Amino acid sequence: MVDKQKIDVKNIPTEVKIHRPPESNNAKYASRDRIYVRAVKGLHQSLRRNIGFVFMALFFVLPWIQFNGHQAILLDIFEQKFNIFGLTLWPQDFTLLAWIFMIAAYALFFVTTFYGRVWCGYLCPQTVWTFIFMWFEEKIQGTRNQRMKLDQEPMSFNKFWRKALTHFCWLAFALLTALIFVGYFTPIGPLFIDFFTWQAGFWSTLSVLFFAACTYGNAGWMREIMCTHICPYARFQSAMFDKDTYTVTYDAARGESRGPRSKKDLQYKEKGLGDCIDCNLCVHVCPTGIDIRNGLQYECINCGACIDACDDTMEKMGYPKGLISYTTEHTLQGRPAKVFRPKLLGYFLVLLVVCGAFMVNLAIRKPLELDIIRDRGALYRETPEGLIENTYTLGIINKSQQEKTFVLEVSGIENLNWIGPTEVTLAGGESRNVVVSLSLDPYEARRPVLDLTFSISHKDAPDVRVSQENKFFAGR
């Protein structure tokens, strides 16, 4: 039973509050009770659904978009290149990916410090897919009470076809999700055709089946377990919270003590009752099954479902809304919330720095790459004409997505003879090894080892140039 005693908000500690009834030693090993989530309508759920729809649409549409004759987003692991619209990233550019991950991390820290765990409630794929699976469940098996009743019934034809259709829809949607996801890493058009005609390769088929099984298991069966026991974000989020973080919070000073009453009972406060009528709808609509009235808990994903349920109840009772709301601890204590505070500003400044570093690295990135490999068979050799010859392999990468012609040059040594192509044309994203030889009259060599510089440049844009130093062995 929930403790109905009045809670003194001012005595709530600063850190994340987790108010739970004491558990026995065996309670933590008890089997998991299934959570039957009740559907709810309201401002926050409409916002969550609309945001989820937009990003879900982006997820399904982006790999089908073509850009410059290529799949706009193709993270080709086997070819070791990532095409992101007009940008192609190679292993040499993975520092850019590191900056992107750092930007995402600090953006998450910044948002969490300001508005709590809203990423989990509105944008996290686990939450979005879980709500989609629950939508299938509700449409096929009925409302919360109908689903509970159906599970308690013995197996019948009605129960069988509803359960079977639910799992069929889950599996179909999980398979579609897996195909789209794998389509980000391999050409998506051929993937769909080959998969459904049983011609897909081993790794493509294995990847699709693996991610389909993960989606089906996570969104269909594990659900809140991912949020409460597996996701590490739930564990360290409290380090970013403070008294001015906006989180889903129950106003205990206004709501306690709880108790049912008639809508016409206007004297309930004289009876020691607060505005909470103890309807438990806030618990029924929670996807993680917690009671927000027990205080802030790490399982809360800030989805706002309990806010919409409570506001609807307050409206029906004729009470002011906001018994459960996005608010801060300082606000509940009657003090103004501080938006511009050191922790939030610190995360914002670091976010600006990493964004700036990413833009600088992107700006100085050259759309071509040069790698030089010397002939490992011999440092040098003498030609029949008596010249000293060195052989080099020039690894050239066209990092753009358009065909380019490159001019090859060498400098640093006078009277050096170039043997090999001086121009090479590469398709977009193509890499090629070009073998060249350099020869020199031994009387021109003043030292046994001479320094030289190879350069490649765009034929149509000579300023776009990459150079690399190397050695010429003269043998004397």
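The rules behind the values
- Residues numbered from 1 in each chain as written.
- Predicted model: local features only at pLDDT ≥ 70, side-chain atom pairs only at ≥ 80, totals over all residues.
- Heavy atoms only, no water.
- Pairing = 2+ DSSP bridges.
- Helix = DSSP H or I, 4+ residues; strand = E, 2+ residues; numbered from the N terminus.
- Axes fitted to C-alpha atoms, helices over the stretch in contact; angles between N-to-C directions.
- Phe/Tyr/Trp six-rings, centres within 6.5 Å; stacked < 30°, edge-to-face > 60°.
- Buried < 20%, exposed > 50% of the residue type's maximum accessible area, 1.4 Å probe, protein only.
- Lys NZ or Arg CZ within 6 Å of the ring centre and 35° of its normal.

**Quick look at the sheet that holds strand 15 (residues 449-458)**
Hydrogen bonds along the backbone pair up the strands of a sheet, which may run parallel or antiparallel.
Part 1 of the reasoning: Here we have four strands laid out as an open sheet, ordered 13-11-15-16, and antiparallel in their pairing. Bordering the open sheet on either side are strand 13 (423-426) and strand 16 (465-473), each of which pairs with just one other strand. Between one strand and the next, the sheet's axes are offset by a mean angle of 25°, whatever the strand orientation.
Part 2 of the reasoning: Both strand 11 (residues 404-411) and strand 13 contribute to a ladder of four bridges, which runs antiparallel. Each residue of the ladder has a partner; that of Thr 405, found in strand 13, is Thr 425.

**A word on the sheet that holds strand 3 (residues 73-76)**
Part 1 of the reasoning: Strand order in this open sheet of three strands is 3-4-5, and the pairing throughout is antiparallel. One side of each edge strand has no neighbouring strand; the edge strands of this open sheet are strand 3 and strand 5 (87-89). Across this sheet, the average inter-strand angle for adjacent strands is 15°, counted without regard to direction.

**Notes on the packing of aromatic side chains**
Part 1 of the reasoning: Counting across every chain of the model gives 29 aromatic pairs.
Part 2 of the reasoning: Consider the rings of Tyr 106 and Phe 109, whose centres lie 5.7 Å apart with planes at 80°: the pair is edge-to-face. Here Tyr 106 pairs with Phe 109, and both are found in helix 2 (residues 94-115), just three residues apart, close to one helical turn.
Part 3 of the reasoning: What makes Tyr 106 partly exposed here is its relative accessible area of 25%.
Part 4 of the reasoning: When its relative accessible area of 21% is taken as the criterion, Phe 109 is described as partly exposed.
Part 5 of the reasoning: A cation over an aromatic ring shows up here: Arg 48 above the ring of Phe 131, its NZ or CZ 3.7 Å from the ring centre.
Part 6 of the reasoning: A cation sits over an aromatic face here: Arg 261 above Tyr 268, 4.8 Å from the ring centre.

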